[in-house]
Amino acid sequence: DVKVTQSSRYLVKRTGEKVFLECVQDMDHENMFWYRQDPGLGLRLIYFSYDVKMKEKGDIPEGYSVSREKKERFSLILESASTNQTSMYLCASRPMGGIPYEQYFGPGTRLTVT
Amino acid sequence: AQTVTQSQPEMSVQEAETVTLSCTYDTSESDYYLFWYKQPPSRQMILVIRQEAYKQQNATENRFSVNFQKAAKSFSLKISDSQLGDAAMYFCAYRSRENAGGTSYGKLTFGQGTILTVHP
């Protein structure tokens, strides 16, 4: 079974803190994604990566950066957390060129910025 | 850019009854994939069903089926014989068909979600 894990289920941070959200997948997938989930807005793509050290902006990259130093790990970074970044963050991965359908999701991190 | 719209924030159904969740999308592409994902209270996203746009036949997975109307850009999910375990948030999602260069990378565009409540 494909497994996508996220470092925390719940996280509380203060405004201005630097926040790291970690995602690890164990299936050697090339593509990894970070989404943000908000009520009434669904999931929105923040950043994605198609290879080590390669990244592209999604629909809402402002206030975020990412890092992919190893194939299995994709980190989302909030350089200076703000209250409007309080949200659920979901990581996902999928293989390049494999079954063209599946995107495997992690369990999500609910981040609260106070 | 593609957009996906779910106009029903909440729906409810009696156990064993049938419910239909609506989804519309906007795209200029002719070939793409559509999905329904389920997110139960555990928050784990689960793929329920998928439809390739080039296939005219509606996809079916056990109690779940879709009504895909390509010209109308509509993609509804029908859940038959509803069970308590079907209670969840349901998301409709769109993905471009991956081109030869693979540059779409499988990005998904999601709708707003519909919360489904199942009453015993």
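Scroll up a little and you will see the structure.
Residues numbered from 1 in each chain as written. Chains lettered and ligands numbered in written order. Predicted model: local features only at pLDDT ≥ 70, side-chain atom pairs only at ≥ 80, totals over all residues. Heavy atoms only, no water.

Asks: Explain the nonpolar core here, please?
Replies: Across soluble globular proteins, you tend to see nonpolar side chains buried next to one another. All names here are of chain B. Membership of the largest hydrophobic core comes to 25 residues, with the highest contact counts inside it found for Tyr 25, Trp 36, Phe 75, Leu 77 and Tyr 90. For this core, the secondary structure elements donating two or more residues are strand 3 (19-21), strand 5 (32-39), strand 6 (46-52), strand 8 (64-69), strand 9 (74-79), strand 10 (88-96) and strand 12 (114-119). Sort the elements by how many residues they give to this core and strand 10 lands first, with 4 residues. Apart from the residues within four sequence positions on either side, Tyr 25 is in contact with Thr 3, Val 4, Tyr 32, Leu 34, Phe 68, Gln 69, Lys 70, Lys 73, Ser 74, Phe 75 and Tyr 94. (Core = buried A, V, L, I, M, F, W, Y, C linked by side-chain atoms within 4.5 Å. Buried < 20%, exposed > 50% of the residue type's maximum accessible area, 1.4 Å probe, protein only. Helix = DSSP H or I, 4+ residues; strand = E, 2+ residues; numbered from the N terminus. Contact = heavy atoms within 4.5 Å.)

Asks: Please clarify how the packing of aromatic side chains should be interpreted in this entry.
Replies: What describes a pair of aromatic rings is the distance from one ring centre to the other and the angle between the planes of the rings. This structure, assessed with the given rule, holds 16 aromatic pairs over all chains. Every member of this aromatic cluster is reached through a ring pair, and the members are Phe33(A), Tyr35(A), Phe48(A), Phe105(A), Tyr33(B), Phe35(B), Tyr37(B), Phe91(B) and Phe110(B). The side chain of Arg43(B) reaches across the aromatic face of Tyr10(A), ending 5.1 Å from its centre. (Phe/Tyr/Trp six-rings, centres within 6.5 Å; stacked < 30°, edge-to-face > 60°. Lys NZ or Arg CZ within 6 Å of the ring centre and 35° of its normal.)

Asks: How should the layout of surface pockets be read in this particular structure?
Replies: Quantified by volume, the largest pocket comes out at close to 400 Å³. If you trace the largest pocket, you find 22 residues lining it, with Asp59(A), Ala1(B), Gln2(B), Leu108(B) and Thr109(B) closest to the centre. For the lining of the largest pocket, the leading source of residues is strand 5 (residues 42-51) of chain A, giving 4 residues. When its residues are assigned to classes, the lining of the largest pocket shows 10 nonpolar, 7 polar and 5 charged. Here the second largest pocket is characterised by a volume of approximately 310 Å³. Taken together, 17 residues line the second largest pocket, and the ones lying closest to its centre are Gln37(A), Met88(A), Arg110(A), Gln39(B) and Met89(B). Of all the elements in the fold, those that place two or more residues in the lining of the second largest pocket are strand 4 (31-38) and strand 9 (87-94) of chain A together with strand 10 of chain B. Per-element tally for the lining of the second largest pocket: the top contributor is strand 10 of chain B, with 3 residues. (1 Å grid on protein atoms, 1.4 Å probe; cavity = no way out; pocket = protein on both sides within 12 Å on 5 of 7 lines; lining within 4 Å. Points joined across faces, edges and corners; volume = space filled by probe spheres on them. Nonpolar A, V, L, I, M, F, W, Y, C, P; charged D, E, K, R; others polar.)

Asks: Teacher, can you tell me more about the pattern of salt bridges here?
Replies: Side-chain pairs of opposite charge can arise where the charged atoms are in close proximity. Overall, the coordinates contain 10 salt bridges over all chains when judged by the stated rule. Measuring nitrogen to oxygen at the nearest pair gives 2.7 Å for the salt bridge that ties Arg36(A) to Asp38(A). When sorted by exposure, Arg36(A) lands in the same class as Asp38(A), which is buried. Here Asp26(B) ties to Lys73(B) by a salt bridge, and the two come within 3.6 Å at their closest N and O atoms. In this pair, Asp26(B) is assigned in strand 4 (residues 24-26) and Lys73(B) in the loop between strand 8 and strand 9, connecting sequence segments 47 residues apart. Judged by relative accessible area, Asp26(B) falls into the partly exposed class, the value being 43%. Connected through salt bridges with shared partners, the residues Asp28(A), Glu30(A) and Lys71(A) form a single ionic network. (Salt bridge = Lys/Arg side-chain N within 4 Å of Asp/Glu carboxyl O.)

Asks: Looking at this structure, I do not really get the interface of chain A and chain B. What am I missing?
Replies: One widely used convention gives an interface's size as the accessible area the parts lose upon coming together. At the junction of the two partners, chain A supplies 29 residues and chain B supplies 22 residues. For the pair chain A and chain B, the summed buried surface comes to about 2100 Å²; carbon and sulfur atoms form 52% of the total. The interface formed by chain A and chain B holds 0 salt bridges in total. Put simply, chain A and chain B have 7 residue pairs in polar contact (both at pLDDT 80 or more) between them. Elements with a contribution of two residues or more to the side of chain A that touches chain B: strand 4, strand 5, strand 9 and strand 11 (109-113) of chain A. With 5 residues, strand 5 of chain A is the largest single contributor of residues to the side of chain A that touches chain B. (Buried area = accessible area lost by both parts, 1.4 Å probe. Polar contact = N/O pair within 3.5 Å; in protein donor to acceptor, adjacent residues only side chain to side chain.)

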